[in-house]
Amino acid sequence: MTATYETIDTPDGPFTVLVDAQQRVIASGWTGEIDDLVLRLDPKDRPADMAEGRVDAAEAARAYYAGDLAAIDDVAVHQPGTPFQELGWRALRRITPGEPLSYTEFAAELGKPNAVRAAASICALNAPALFIPCHRVRRHDGSLGGFAWGLEVKESLLAHEAAHSKLRSANSQA
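Rules behind the numbers
- Counting restarts for each chain: residues are numbered from 1 in the order of the written sequence.
- Totals for whole chains, interfaces and linings use all residues, but because this is a predicted model, local features are given only for residues with pLDDT of at least 70 and pairs of side-chain atoms are given and counted only at 80 or more.
- With hydrogens and water set aside, each side-chain value is computed from the structure's full complement of heavy atoms.
- Pairs of strands are assigned from DSSP output, requiring at least two bridges between the strands.
- Secondary structure is summarised from DSSP: a helix means a run of H or I of at least four residues, a strand means a run of E of at least two, and numbering begins at the N terminus for each.
- A fitted line through C-alpha atoms serves as each axis, taken over the contacting stretch for helices, and the angle formed by two N-to-C directions is quoted from 0 to 180°.
- Stacked, edge-to-face and tilted are the three classes for Phe, Tyr and Trp ring pairs, Trp counted by its six-membered ring, which pair at centre distances within 6.5 Å; planes under 30 degrees apart are stacked, over 60 edge-to-face, the rest tilted.
- With a 1.4 Å probe rolled over the protein chains alone, any residue whose accessible area is under 20% of its type maximum counts as buried; one over 50% counts as exposed, and the rest are partly exposed.
- Arc definition: it is the arc formed by the directions from the helix axis to the C-beta atoms.
- For this analysis, residues touch if any pair of their heavy atoms sits within 4.5 Å.
- Here, the term disulfide refers to a pair of cysteine sulfur atoms separated by no more than 2.5 Å.

## A closer look at the sheet that holds strand 1 (residues 2-10)
Working definition: the strands of a sheet are paired by backbone hydrogen bonds and lie parallel or antiparallel to each other.
Phase 1 of the analysis: Reading across from one edge, 3-2-1-4 is the order of the 4 strands in this open sheet, with mixed pairing throughout. Pairing within the sheet leaves two strands with one partner each, and these edge strands are strand 3 (25-29) and strand 4 (49-52). If you compare each strand with its neighbour and ignore which way they point, the axes differ by 25° on average.
Phase 2 of the analysis: One ladder, built from 7 bridges, connects strand 1 with strand 2 (residues 13-19); its direction is antiparallel.

## Points about the packing of aromatic side chains
We describe a pair of aromatic rings using the distance from one ring centre to the other and the angle between the two ring planes.
Phase 1 of the analysis: Tallied over the entire structure, the rule returns 4 aromatic pairs.
Phase 2 of the analysis: Each ring, one from phenylalanine 15 and one from tryptophan 30, has its centre 4.8 Å from the other, and the planes form 55°; the classification is tilted. Separated by 15 residues along the polypeptide, phenylalanine 15 in strand 2 and tryptophan 30 in the loop between strand 3 and helix 1 (34-38) bring together distant segments of the chain.
Phase 3 of the analysis: For phenylalanine 15, a relative accessible area of 0% corresponds to the buried category.
Phase 4 of the analysis: By way of ring pairs, the aromatic residues Phe15, Trp30, Phe131 and Phe147 are connected into one cluster.

## As for helix 5 (residues 116-124)
Phase 1 of the analysis: The set of residues buried in helix 5 consists of Ala119, Ile122 and Cys123. Seen along its axis, helix 5 keeps its buried residues to an arc of 100°; they face one direction.
Phase 2 of the analysis: In the core, the buried residues of helix 5 are packed alongside helix 3 (83-92), helix 4 (103-109) and strand 6 (137-138).

## Quick notes on the state of the cysteines
Here, the word disulfide means a covalent bond between the sulfur atoms of two cysteines.
Phase 1 of the analysis: Throughout the structure, instances matching the rule amount to 0 disulfides.
Phase 2 of the analysis: Cysteine 123 takes part in no disulfide bond, and the closest cysteine sulfur, belonging to cysteine 134, lies 5.6 Å away.
Phase 3 of the analysis: Judged by its relative accessible area of 8%, cysteine 123 is buried.
Phase 4 of the analysis: Exposure remark for cysteine 134: the relative accessible area of 7% places this residue in the buried category.

Coordinates in, geometry out; function isn't part of it.
Take a look at the structure:
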């Protein structure tokens, strides 16, 4: 597989998106180092060749940071996993921006309320960060929990979403 990547500047630092030939995001994160993304992929899913170039999803990330929280919703992703992981990754995309879930609530959303650790591992193994918004899941006590790209980035994303979802709500009520 040949892949293309693009790095953009964001308020949270460099953000790199790696896509396959169909422009589906296979990995993304807050780094300027492509190897950081490749290492998040299962060895069998790593691209044989990579080239820097234009990536459609980078525009969606720019729009997200400009306040259009829905811009990332329809970006195509490709992340093979077990049926339970794939169920979890789809569920993460349905979490409303500005309304994060706890890992316990996320496990219940998956129909497995006692599988909190399994639900957390779905977040931990998520390679297309932002486009599959695993940052929208926190610990039951409201603390951030973990995040592959650092808790500062997770906190910033949640604050960005809270602020822009309130603005969107206020504008729709006006």
